[in-house]
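# Descriptive analysis of the structure
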Amino acid sequence: MDCPICGEPMIVFELEEIETDYCTECKGIWLDAGELEILLEDAEATQRLLASFAPATTDEGHRPCPICRKPMQKVWVGHGDEAVLIDRCPKAHGLWFDRGELVDVLKQGALDPNGKVARLLSDMYHPDEKN
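Residues numbered from 1 in each chain as written. Predicted model: local features only at pLDDT ≥ 70, side-chain atom pairs only at ≥ 80, totals over all residues. Heavy atoms only, no water.

## Thoughts on unusual backbone geometry
A positive phi is found at K27, a non-glycine position, where the angle reads about 70°. Take K27: it is sitting in the loop between β2 (18-22) and β3 (29-32). For K27, a relative accessible area of 23% translates into the label partly exposed. Of note in this structure, R69 is not a glycine but carries a positive phi near 70°. Relative to the elements of secondary structure, R69 occurs in the loop between β4 (54-55) and β5 (73-77). (Helix = DSSP H or I, 4+ residues; strand = E, 2+ residues; numbered from the N terminus. Buried < 20%, exposed > 50% of the residue type's maximum accessible area, 1.4 Å probe, protein only.)

Okay, structure coming up:
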């Protein structure tokens, strides 16, 4: 799979049967909906989570989904001043995190209040490092 930002091939990280795609060039991370569903252990919870992100109005360009190539939607994850702007595939294929965005989302617990996603992804990506 190629990075929707820089077009470079992404590498796959796998831990506990969860795969994410990582761009070594721009440090972006793709988390597809199927992996998120496995992490949350509930298809309905995954759909509720994806639907809970507030649509954003921004001048930032729309990036193509690495799966279907449709322009992704800009959405806010979290609330208030700590909300993070990320990209979501309109066909629910997954979420794109630019460099550092996943770290910010994990710190605020916006993906899962129980912390399971944060624990697993922090083992993969070491969220204390924004590199």
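## Describing the pattern of salt bridges
Taken as a whole and assessed by the stated rule, the structure comprises 3 salt bridges. The partner of D87 in a salt bridge is R63, and the shortest N-O contact between them spans 3.3 Å. With D87 in strand β6 (residues 84-88) and R63 in the loop between β4 and β5, this pair connects stretches of sequence that are 24 residues apart. Each member of the pair, D87 as well as R63, is classed as buried. For the salt bridge of K74 with D87, the shortest nitrogen-to-oxygen distance reads 2.6 Å. In this pair, K74 sits in strand β5 while D87 sits in strand β6, placing the two residues 13 residues apart along the sequence. By relative accessible area, which is 2% here, K74 ends up buried. Connected via shared salt-bridge partners are R63, K74, D87 and D98. (Salt bridge = Lys/Arg side-chain N within 4 Å of Asp/Glu carboxyl O.)

## A closer look at the pairing of β2
For β2, a buried count of 4 out of 5 residues is recorded, marking the element as mostly surrounded by other parts of the structure. One ladder, built from 5 bridges, connects strand β1 (residues 11-15) with β2; its direction is antiparallel. Among the inter-strand pairings, I11 is bridged to a residue of β2, identified as Y22. Taking the residues that link successive antiparallel strands as the turn, the β1-β2 hairpin has 2 residues, and the phi of E16 there is positive, at about 50°. Of the pairings in the sheet, the one linking β2 to β3 comprises 2 bridges and is antiparallel in character. (Pairing = 2+ DSSP bridges.)

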